Amino acid sequence: MKRFYSHGKLLITGEYAVLNGAKALAVPTRFGQEMQVEKTETPGITWLSLDETGSIWFEGSFILKENKFISKEEKPNDHTGTRLLEILNAAKDLNNEFFSDGQGYRITTKLEFNRNWGLGSSSTLVNNIANWLKIDAYKLLEKTFGGSGYDIAAAQQDVAFTYQLTQGQPSVLKTHFEPEFKDSLFFVYLNQKQNSREAIAHYRNQPKKDVGILVDKISGLTEQFLKCENLDEFQLLIELHETLISKAINLPKIKTSLFPDFSGSIKSLGGWGGDFILVTGTLEAQQYFRNKGYNIIIPYSKMIL
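In this report, we go over the structure that sits alongside the text. (Residues numbered from 1 in each chain as written. Predicted model: local features only at pLDDT ≥ 70, side-chain atom pairs only at ≥ 80, totals over all residues. Heavy atoms only, no water.)

### Points about the overall build of the protein chain
Here is step 1 of the chain: On a plain count of helices and strands, the protein chain comes out with 10 helices and 12 strands.
Here is step 2 of the chain: Relative to the 2.2 N^0.38 estimate, which gives 19 Å for 305 residues, the radius of gyration of the protein chain is 20 Å and therefore close to what a compact globule would have.
Here is step 3 of the chain: Judged by the C-alpha coordinates and their principal axes, the protein chain covers about 60 × 40 × 35 Å.
Here is step 4 of the chain: For the protein chain, the proportion of its 305 residues judged to be buried stands at 53%.
Here is step 5 of the chain: For the protein chain, restricting intrachain contacts to residue pairs at least 6 apart in sequence, the fraction spanning at least 24 positions comes to 69%. (Helix = DSSP H or I, 4+ residues; strand = E, 2+ residues; numbered from the N terminus. Rg over C-alpha atoms; globule rule 2.2 N^0.38 Å. Buried < 20%, exposed > 50% of the residue type's maximum accessible area, 1.4 Å probe, protein only. Contact = heavy atoms within 4.5 Å.)

### Concerning the sheet that holds strand 10 (residues 266-268)
Here is step 1 of the chain: In space, the four strands of this open sheet follow the order 10-11-9-12, with antiparallel pairing throughout. Of all strands in the sheet, those with a lone pairing partner are strand 10 and strand 12 (297-299), marking the two edges. The average angle at which neighbouring strand axes cross in this sheet is 25°, direction not considered.
Here is step 2 of the chain: Taken strand by strand, helix 7 (residues 231-249) contacts strand 9 (185-189), strand 10 and strand 11 (276-280), and its axis lies near 45° from that of strand 10.
Here is step 3 of the chain: Helix-sheet contacts for helix 9 (residues 283-291) involve strand 9, strand 10, strand 11 and strand 12, and the interaxial angle to strand 9 is about 5°. (Pairing = 2+ DSSP bridges. Axes fitted to C-alpha atoms, helices over the stretch in contact; angles between N-to-C directions.)

### Topic: unusual backbone geometry
Here is step 1 of the chain: With a phi angle near 70°, Tyr16 is a residue other than glycine that sits in the positive phi range.
Here is step 2 of the chain: Position of Tyr16 relative to the elements: it lies in the loop between strand 1 (2-11) and strand 2 (24-40).
Here is step 3 of the chain: Even without being a glycine, Glu66 presents a positive backbone phi close to 55°.
Here is step 4 of the chain: Take Glu66: its relative accessible area is 75%, and that puts it in the exposed class.

### So, the nonpolar core
Here is step 1 of the chain: Formed by 38 residues in total, the largest nonpolar core has its most connected members in Leu10, Leu119, Phe187, Ile218, Phe234, Phe276 and Met303.
Here is step 2 of the chain: The set of elements that each furnish at least two residues to this core consists of strand 2, strand 9, helix 6 (211-227), helix 7, strand 11 and helix 10 (300-303).
Here is step 3 of the chain: Looking at this core element by element, the count peaks at seven residues for helix 7.
Here is step 4 of the chain: Counting 29 residues, the second-largest nonpolar core is a separate cluster that includes Phe4, Phe98, Tyr105 and Leu133. (Core = buried A, V, L, I, M, F, W, Y, C linked by side-chain atoms within 4.5 Å.)

### A word on the packing of aromatic side chains
Here is step 1 of the chain: Under the definition given, this model contains 21 aromatic pairs.
Here is step 2 of the chain: Seen in terms of ring centroids, Phe69 and Phe98 are 5.6 Å apart; in terms of plane orientation they differ by 45°. Their pairing is tilted. You can see Phe69 sitting in strand 5 (residues 68-71) and its partner Phe98 sitting in the loop between helix 1 (79-94) and strand 6 (104-111), a full 29 residues away along the chain.
Here is step 3 of the chain: Judged by relative accessible area, which is 4%, Phe98 ranks as buried.
Here is step 4 of the chain: Taking the centre distance of 5.0 Å and the plane angle of 45° together, the rings of Phe262 and Tyr288 count as tilted. Of this pair, Phe262 sits in the loop between helix 8 (254-258) and strand 10 while Tyr288 is found in helix 9, placing the two residues 26 residues apart along the sequence. An identical accessibility class is assigned to Phe262 and Tyr288; each is buried. (Phe/Tyr/Trp six-rings, centres within 6.5 Å; stacked < 30°, edge-to-face > 60°.)

### So, the pairing of strand 6
Regular strands show a simple pattern: their side chains alternate between the two faces of the sheet.
Here is step 1 of the chain: Of all eight residues in strand 6, six are buried, a share of seventy percent or more.
Here is step 2 of the chain: Inspection of the sheet shows strand 2 paired to strand 6 by eight bridges, in the antiparallel sense. Opposite Glu38, over in strand 6, you have Arg106 as the bridge partner.
Here is step 3 of the chain: Examined bridge by bridge, strand 3 (residues 45-50) and strand 6 share six bridges and lie parallel to one another. In the strand pairing of strand 6, Thr46 is matched with Arg106.

### Side note on the environment of Ile218
Here is step 1 of the chain: Positionally, Ile218 belongs in helix 6.
Here is step 2 of the chain: Taking the C-alpha atoms as reference points, Ile218 and Leu119, separated by 99 residues in sequence, lie 22 Å from one another.
Here is step 3 of the chain: When residues no more than four places from it in sequence are discounted, the contact partners of Ile218 are Gly14, Ala17, Ala22, Lys23, His241, Leu244 and Ile245.

### Digging into the side chain of Ser123
Here is step 1 of the chain: Among the secondary structure elements, Ser123 is positioned in helix 2 (residues 121-133).
Here is step 2 of the chain: Discounting residues that sit within four places of it in the chain, Ser123 has contacts with Lys9, Asp151 and Ile152.

### Some words on the pattern of salt bridges
Here is step 1 of the chain: As enumerated under the stated definition, the model contains five salt bridges in all.
Here is step 2 of the chain: A salt bridge links Arg3 to Glu34; its shortest N-O distance comes to 2.4 Å. On the criterion of sequence distance, the pair formed by Arg3 in strand 1 and Glu34 in strand 2 is long-range, its members being 31 residues apart.
Here is step 3 of the chain: Between Glu223 and Lys23 there is a salt bridge; the shortest N-O distance is 2.7 Å. Highlighted residues: Glu223 in helix 6 and Lys23 in the loop between strand 1 and strand 2, separated in sequence by 200 residues.
Here is step 4 of the chain: Classification of Glu223 by relative accessible area gives partly exposed; the value is 27%. (Salt bridge = Lys/Arg side-chain N within 4 Å of Asp/Glu carboxyl O.)

Written out as structure tokens, the structure reads:
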């Protein structure tokens, strides 16, 4: 049996702008996804996906037909199976020797986080499959889900890093980001999963008259986040970053639209409108969100590696 593991991801700075070359700050999470691969005597792939509780949330069987993977069972509205087939066939395109010997496999994946949290159930899977088949994970992502690729970098890292696309190629540099005030930082789940593809499409549909200025400003803010030494400065940087991205995507800040009376600062992460937000405040501040029905609250130190 072979075992592969990838970390989940969060983008602290640079959401959207990273697509245009801005330097972003990203962190791998303590939560990830494991994939176990066993050889079988039966040709094809038997797939089992387990959630964070150990319950089965997807199972399927795939076989090769005319050099392409297809599902053994036709399931109506099987979005997960369709996406998995897309990944497997893209992986086969990148590794022509994949399955050339007719070997069969039993694959089991196990998430450590709720798949609706947006921490990277897709990117961790893509990275695990790429590691198994010895192919470029960034190329596999490009052929399937798209995006900047920072989530693949996070899957492979065990510390914070900066991520930047230079002439379309990823630059990943490990960095130190462990704020002394991290006990005043926590993540709140907004009770809805953000569709990354839709968020990216929305951003790309906005007028891009000043994209170069946006990239430069976000890159500069990323550097300031890394140098920040106190909570007051950190909150100011959050406000500046939120204002820039809000204007770029023509959407209100999360704090303005959902939590206008909150005393601390709120930073959107990744695609706006769902998944987690980064919040500054005390334990008492966390109760503010629980009172509003947001009960999934994770302290910074329990989320980030």
